Amino acid sequence: MASNEEHYTMPRGELDKPTKILIVVAPYYRQIADQMIEGAQAEIEAWGATHDLVEVPGALEVPTAIGIAERMSNFDGYVALGCVIRGETTHYETVCNDSSRGITLLGLQGLCIGNGILTVENMDQAQARAEVAGQNKGGGAAAAALHLIALSRKWGASRKGVGFQPSRDELQIASAAKDTPTA
């Protein structure tokens with residue numbers, strides 16, 4: 001049952017340095033995907049960040065693509081987009097649960113990901129959530145990723161000076177005596 005109540009949206013944050021986002025979309029329902037991409041791109045640009053876009057065959061491949069990009073590229077964060085509409089089989093539960101679990105596990109490893117994979121009962125629900133002028137879940141997923149990036153940068157300050165570090169003149173390399181010439 002949908003509620004007509006307004007929901008809270010965090011104010012747009014600020015980024016301390018250039019930020020690059022990868023949007024990974026499963027465009028199985030092209031019209032829904034295109035609206036979500038539009039919302040995500042607009043939100044990313046409003047934050048002053050840049051983005052790339054890749055498409056994958058389905059929602060199950062979204063976390064894999066994000067994992068590959070994290071290992072092999074230089075993105076600061078990720079936006080996962082797609083839509084899963086309930087059908088007649090249990091495949092719906094598998095796709096919803098496993099795509100979400102994959103994204104969650106990547107997030108727990110420290111990746112900044114906004115999950116915009118819609119899991120709905122019908123096309124009307126998908127449309128209402130995807131429309132930029134409506135619920136704009138693509139923009140919401142982008143905002144989530146960007147807020148996580150800002151938070152990780154806030155907490156990711158240099159660790160220099162934390163814990164024991166000998167003073168500079170105490171450091172000596174093993175077997176190298178002072179004033180002893182080396183080859």
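Provided above is the structure to which this section pertains.
None of these values were measured; they are calculated from a predicted model.

S.K.: How should the side chain of glutamine 35 be read in this particular structure?
M.R.: Mapped onto the elements, glutamine 35 comes out in helix 1 (residues 30-46). Leave out the neighbours within four places in its chain, and glutamine 35 touches Gln127, Ala130, Glu131 and Val132.

S.K.: Sorry if this is basic, but what is going on with the pattern of salt bridges here?
M.R.: A side chain of one charge can pair with a side chain of the opposite charge if their charged atoms are brought near each other. Applying the stated rule across the entire model yields nine salt bridges. Between glutamate 43 and arginine 12 there is a salt bridge, with the nearest N and O atoms lying 2.8 Å from each other. Taken together, the residues span a long stretch of sequence, with glutamate 43 in helix 1 and arginine 12 in the segment before strand 1 (20-25) at a distance of 31 residues. Residue classification places arginine 12 among the partly exposed residues on the basis of a relative accessible area of 48%. The partner of aspartate 98 in a salt bridge is arginine 101, with the nearest N and O atoms 2.7 Å apart.

S.K.: Can you walk me through the sheet that holds strand 2 (residues 50-55) in this structure?
M.R.: Sheet strands pair by backbone hydrogen bonding; their relative direction is either parallel or antiparallel. Strand order in this open sheet of four strands is 2-1-3-4, and the pairing throughout is parallel. Sheet topology places strand 2 and strand 4 (113-120) at the edges, where each strand pairs with a single neighbour. Each neighbouring strand pair of the sheet contributes to a mean axis angle of 15°, computed without reference to strand direction. Bridge analysis of strand 3 (residues 77-85) against strand 4 gives eight bridges, and the strand direction is parallel. Residue pairing across strands places glycine 82 opposite isoleucine 117, the latter belonging to strand 4. Here helix 3 (residues 91-108) sits on the sheet and contacts strand 3 and strand 4; the angle it forms with strand 4, its principal contact strand, is near 170°. This element, helix 4 (residues 123-130), spans strand 3 and strand 4 of the sheet and lies at about 150° to strand 4.

S.K.: Sorry if this is basic, but what is going on with the environment of glutamate 121 here?
M.R.: Structurally, the position occupied by glutamate 121 is in the loop between strand 4 and helix 4. A C-alpha to C-alpha distance of 8.1 Å links glutamate 121 and glycine 87, two positions 34 residues apart in sequence. Those residues in contact with glutamate 121 that lie beyond four places of it in its chain are Ile85, Arg86 and Tyr92. Separated by 2.9 Å, the side chains of glutamate 121 and arginine 86 make a polar contact.

S.K.: How should I be thinking about helix 5 (residues 137-155) in this particular structure?
M.R.: Three or four residues apart is the spacing at which side chains of an α-helix point the same way, because the helix has 3.6 residues per turn. Between the first and last C-alpha of helix 5 there are 27 Å, a value that for 19 residues agrees with the 27 Å anticipated at 1.5 Å per step. Every buried residue of helix 5 is listed here: Gly138, Gly139, Ala141, Ala142, Ala143, Ala145, Leu146, His147, Ile149 and Arg153. Close packing links the buried residues of helix 5 with strand 1, helix 1, strand 3 and strand 4.

S.K.: How should the layout of surface pockets be read in this particular structure?
M.R.: Empty space within the largest pocket amounts to approximately 400 Å³. Residue lining of the largest pocket: 19 residues in total, with Thr9, Met10, Gly139, Gly140 and Ala143 positioned closest to the centre. The element that contributes the greatest number of residues to the lining of the largest pocket is helix 5, accounting for eight residues. Here the lining of the largest pocket is composed, by residue class, of eight nonpolar, eight polar and three charged. Considering only enclosed or pocket space, the second largest pocket measures out at about 310 Å³ in volume.

S.K.: What should I look at first to understand the packing of helix 1 against helix 4 in this one?
M.R.: The description of two helices packed together rests on the angle between their axes and the distance between the axes. Taken N-terminus to C-terminus, the directions of helix 1 and helix 4 make an angle of 15°; their axes are 9 Å apart at the nearest point. On the basis of their axis angle, the class for helix 1 and helix 4 is roughly parallel. Of the two possible hands of crossing, helix 1 and helix 4 adopt the one that is left-handed. Here Gln31, Ile32, Gln35 and Met36 of helix 1 lie close against helix 4, whose contacting residues are Met123, Ala126, Gln127 and Ala130. A breakdown of the residues in the contact of helix 1 with helix 4 according to their chemical character gives five nonpolar, three polar and no charged.

The rules behind each value
- Residues numbered from 1 in each chain as written.
- Predicted model: local features only at pLDDT ≥ 70, side-chain atom pairs only at ≥ 80, totals over all residues.
- Heavy atoms only, no water.
- Helix = DSSP H or I, 4+ residues; strand = E, 2+ residues; numbered from the N terminus.
- Contact = heavy atoms within 4.5 Å.
- Salt bridge = Lys/Arg side-chain N within 4 Å of Asp/Glu carboxyl O.
- Buried < 20%, exposed > 50% of the residue type's maximum accessible area, 1.4 Å probe, protein only.
- Pairing = 2+ DSSP bridges.
- Axes fitted to C-alpha atoms, helices over the stretch in contact; angles between N-to-C directions.
- Polar contact = N/O pair within 3.5 Å; in protein donor to acceptor, adjacent residues only side chain to side chain.
- Expected span 1.5 Å × (residues − 1).
- 1 Å grid on protein atoms, 1.4 Å probe; cavity = no way out; pocket = protein on both sides within 12 Å on 5 of 7 lines; lining within 4 Å.
- Points joined across faces, edges and corners; volume = space filled by probe spheres on them.
- Nonpolar A, V, L, I, M, F, W, Y, C, P; charged D, E, K, R; others polar.
- Parallel < 35°, antiparallel > 145°, perpendicular 65-115°, else oblique.
- Left-handed = near helix turned anticlockwise from the far one by under 90°.

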